[in-house]
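This is what each chain is made of:
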Amino acid sequence: MRAEVGLLTRNILIQGETENACYGNNWCQFFTYDTFGGQIKVLGNFSAVHLSHVELKHMGQQVRGSYPLHFHMCGDVDQRGGYSVPTSVDALSIHHCFSRCITIHATHGLLIKDVVGYHTLGHCFFLEDGIEQRNTFFHNLGLVTKPGTILPTDRNETMCTSIRNNVYGSYVPVPAMECKAVSTFWIANPNNNLISNAAAGSQDAGIWFVFHAASTGESHGRVPETRAELTPLGVFYNNRVHSNFKAGLFIDKGVKTTNASAADPREYLCLDNSARFRPHENADPKRPRVVAVIDTLISFKNNDLGAWIRGGDIIIQNSGFADNGVGLSFASDGSYPKDEGSSQEVSQSLFVGESKNRGFNGGQNKYWGVGGADGKMRTLPRNKTFPIRGFQIYDGPVRLTDSTFKGYVPTADRFTSAVGFNLKNTWQLTPRNNLSGLSFHPREGLKAFFGKPGQWFEDNDLDGDKNSIFHDVDGSVTGYPASYVARMDNFLIRHPECVNVTEWNGVICSGRYSQVYIQTQGASNVSVSIARDEYPQKPMVLKGINSPGASSQQYQPVLMMSKSYTVHWNGRAPREVVLSLINFDKGDWVQVGLCYPTDTTFHVMSDINDRQSNIFDNMEDYRSAGSLDELEKSPLDRKYYFDSVSGLLWLSLRARQSREGQSYCSRKGCERVKVTATTTSKQAGNCMAKAYPKYAKAPQAEVPMPKLITAPCRNCGSSKLVFTNDPENTYLQVQIKSLSQQEVEKGDTDSFVGVDGEKFSFTEPGFFWVTVDACTGKVTKKSFFSKLDSKMEKYLNSGIPKSSIVLLATRGQLDGLGEVAQYLVALGTAKAADLQKKESLVFFGFQGARAIPPWAGLFTPQEAGKLEVLEKYVPLGLEEYDCAQAEKSKQKDLELLTEILTKV
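Note that the structure is a prediction, hence the values are computed from the model and not measured.

Asks: Help me get a handle on the side chain of histidine 212, residues and values and all.
Replies: As for its placement among the helices and strands, histidine 212 is situated in the loop between β17 (205–209) and β18 (236–242). Classification of histidine 212 by relative accessible area gives buried; the value is 5%. At 3.3 Å, the side chain of histidine 212 forms a polar contact with the backbone oxygen of aspartate 129. Each residue touching histidine 212, except ones within four places of it in the same chain, is listed here: Glu128, Asp129, Gly130, Ala188, Ala228 and Val255.

And the structure:
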């Protein structure tokens, strides 16, 4: 979390001439200063363009097309366009400018390298029409990106509702849905490369991938459509996003590609919710998927979201999230009826709820309050009551594996959990959401949390809230391998052996779980009550997702397989019901009784819907059975039974086809059963009183609960605990605890030096030294001295190898601390300190450095105080340590860049 540093001055300065205040029609209602600056515009068919080490100040205008640096309709500007040396922009400083930083418009293959963009209006690094591809953003820094007026997506709330020249009629835009998306990197086509960039302090997002459904602006109609949402992702490697108000990384949504009209009065190019990222070969949905890889994303101190990612197939790996409102939210689009077969995965990543970087009260920080375990004041995301979550599950299927969680400790004001769910969720969650190989800090407060009624959660009573669930594959979350975790009041998925976890508001169960997707026609604004025959007194009421008054409703409960359920309506039973089997494996079944008036007649049929081609196959009518017993004895027959006394139409929903991979339907398509009901009765469709106790059953587990694992998982968690924008450099976790004489007398025995989780303790009064090879991180020597004598002097003078990290802990009341301090100064790694009256000491130092490393330090207790456990993450393999691998680290980014440029 080091501060960003960017050089703003250059010897060559191009500066727009400005007045002392805003004037004329330059949007002075929004800006007090002059926003009419200079511009540089590069047009196509040039011989060569290379801009290097130039400062651009007071450039750009709040006028479309007038930017500090604008590549306008240049086409291919690399070898593909006939340029032997690709066109490039290198080491520019663009600051205090009035409209973006660099605009890339219908231009491909441009290299933007080592550029600093600071304090600018509107999207900073900007791809314009959604067709721009093969451009490479390498090691750029964007800071403090503020709203502008040009596009709806540039605007803040006030601008959004005030600028209405291009809407239809008297329409008033909705800021949260149409505007408020200003981003440091606005990437309108995924086939571009982002490597080692940093984006911080944006009004909305650091990096936003947005997907144009069709080319826009001047490109529309001039080029073949690129289908951005289907286009594979370029290289995304080693990028850092932090201190942004809405999100660090945002992958979702599109822009409106039609002009305002009576049918859709919104402005052209406003934010739109239609696009979903689903990459395929050659952007062809009939060809195989191409996985989008987000590698080494560092995201911290974003007010709302560290990253929000919708679509599939998408993988995040080797990444770190800290001090965000929500670390990472996966909104997978692979749930019915969206992009079948897609999924998302995060692996080898670190999630930190609240780090030791507490920040300070002031600047742009909006919230300041008491934090988690340490109870100290700190900057807070959203506010002091916002429920912080590390990994947020939404839709699915998503997989979280081989990752570590630390610092998720609730307070009296808010719930904080490592794993959580999207708040106020009206939609579904699939039981195919898998968690495995996770490690939680021993002091973790809530590993998972399913919400409770109150602020932020409201009633916690929406359909998605009730059906929250995930699969704990190996027991690394619950201790019960192959278990499922759901909300505690969900009796559709329970059995008597399930284990309640009250603090999670959750329950741990065993079994097989899938979903039945219920679609209705002819029942306006009807809610559904579903009861399992084993728990009839605990039904689940679902409201459906369609708006009130709609002719159709949709519901998708998660059900335990091999069980029987009844379905009731709070109004008239629908004229038509379609039941789709979602995530059923071959042979999975549930028995369902639908409530109807006693005079109802039925037409029941089944089919298989191939959603890719929208073909219906295997259509077959059902026959009436004489009894429920007959139906149960012939589960493979296409039969139904109507109990006219209770009003229940009984069906056996059984999967007859095999499912593959992440597909929620079978290889042949989605197996469905359609019920068409005919009745003249106006009777309400609730049969609960007649159904039970007639069809009640004794609860039992179909799959026994696994044995509880009490031993800690040795191979769980991320393989490293620190992630930086220099991923080749690993970090050493060092902890030191020294004890004063008073602490020793009170019986405290825990004095130690810890290196990467291995603790070296000592129990006698004296000095305990540990040396570590600064290139490899291996402990090379452990030395204990009861006092400063000739042996210890020899050790300090000649016993510490070069390129060593030097660690010292003390215990008890010792003589000679002042002399020891002089030796530490002699090592060249610490400043002198008055230690004559101190009783404990901690030292982090280095032998052989050219200068004192920034992590080195000498620590003593304050007056009447004591030293807590001191922890540092010390970088390994640095060039200043004279380590051979440091040069390899420096070359990695350059080699990757060269490889990309060669390919394009």
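Asks: Account for the state of the cysteines, with residues named and values stated.
Replies: As enumerated under the stated definition, the model contains eight disulfides in all. Residue pairing for cysteine 160: its cysteine sulfur links by disulfide to cysteine 179, the two sulfurs lying 2.1 Å apart. Across the disulfide from cysteine 160 to cysteine 179, rotation about the S-S bond amounts to roughly 65°, and the bridge is consequently right-handed. One end of the pair, cysteine 160, is in helix α1 (residues 157–162); the other, cysteine 179, is in the loop between α2 (175–178) and β14 (183–187), with 19 residues separating them in the sequence. Of the residues examined, cysteine 160 reaches a relative accessible area of 1% and is grouped as buried. Through a disulfide, cysteine 665 is tied to cysteine 670; the S-S separation comes to 1.9 Å. Handedness here is read from the sign of the S-S torsion; for cysteine 665 and cysteine 670, about 95°, the answer is right-handed. Residue classification places cysteine 665 among the buried positions, given a relative accessible area of 3%. Not engaged in a disulfide, the cysteine cysteine 270 finds its nearest cysteine sulfur in cysteine 179; these two sulfurs lie 7.2 Å apart.

Asks: I'd like to hear about the sheet that holds strand β50 (residues 639–643), residue by residue, with values.
Replies: With mixed pairing, the seven strands of this open sheet are ordered in space as β41-β40-β44-β46-β51-β50-β49. With partners counted over all chains shown, the strands left at the sheet margins are β41 (540–542) and β49 (623–624), one partner each. Bridge analysis of strand β44 (residues 564–569) against strand β46 (residues 589–595) gives four bridges, and the strand direction is parallel. Looking at β46, one finds that serine 564 is bridged to glutamine 591.

Asks: Outline a nonpolar patch on the surface, supporting the account with residue identities and numerical values.
Replies: Where nonpolar side chains cluster on the molecular surface, the patch consists of Tyr23, Phe36 and Val63 and spans about 240 Å² of accessible area. Note that valine 63 resides in the loop between β4 (54–57) and β5 (69–76).

Asks: Account for empty space enclosed by the protein, with residues named and values stated.
Replies: Throughout the structure, instances matching the rule amount to eight cavities of 30 Å³ or more. The calculated volume of the largest cavity comes to roughly 120 Å³. Within the residue set of the lining of the largest cavity, elements represented by two or more residues are β31 (388–395) and β33 (416–421). With three residues, the top contributor of residues to the lining of the largest cavity is β33. Split into classes, the residues belonging to the lining of the largest cavity amount to eight nonpolar, six polar and three charged. Taken as a whole, the second largest cavity holds about 70 Å³ of empty space.

Asks: Go over the sheet that holds strand β61 (residues 870–875), please, and point to the residues and values.
Replies: Spatial ordering of the open sheet is given by β55-β54-β53-β61, a layout of four strands whose pairing is antiparallel. The open sheet is flanked by β55 (758–761) and β61, the only strands paired with a single partner. Here the strands of the sheet are splayed against their neighbours by 20° on average, with no regard to which way each runs. Note: strand β53 (residues 731–737) against strand β54 (residues 752–755), four bridges, orientation antiparallel.

What counts and what doesn't
Residues numbered from 1 in each chain as written. Predicted model: local features only at pLDDT ≥ 70, side-chain atom pairs only at ≥ 80, totals over all residues. Heavy atoms only, no water. Helix = DSSP H or I, 4+ residues; strand = E, 2+ residues; numbered from the N terminus. Buried < 20%, exposed > 50% of the residue type's maximum accessible area, 1.4 Å probe, protein only. Polar contact = N/O pair within 3.5 Å; in protein donor to acceptor, adjacent residues only side chain to side chain. Contact = heavy atoms within 4.5 Å. Disulfide = S-S within 2.5 Å. Pairing = 2+ DSSP bridges. Patch = residues over 30% accessible without salt bridge, like charges linked within 9 Å, V, L, I, M, F, W, Y side chains within 5 Å. Areas by Shrake-Rupley, 256 points an atom, 1.4 Å probe, with all protein chains shown as cover. Salt bridge = Lys/Arg side-chain N within 4 Å of Asp/Glu carboxyl O. 1 Å grid on protein atoms, 1.4 Å probe; cavity = no way out; pocket = protein on both sides within 12 Å on 5 of 7 lines; lining within 4 Å. Points joined across faces, edges and corners; volume = space filled by probe spheres on them. Nonpolar A, V, L, I, M, F, W, Y, C, P; charged D, E, K, R; others polar. Axes fitted to C-alpha atoms, helices over the stretch in contact; angles between N-to-C directions.

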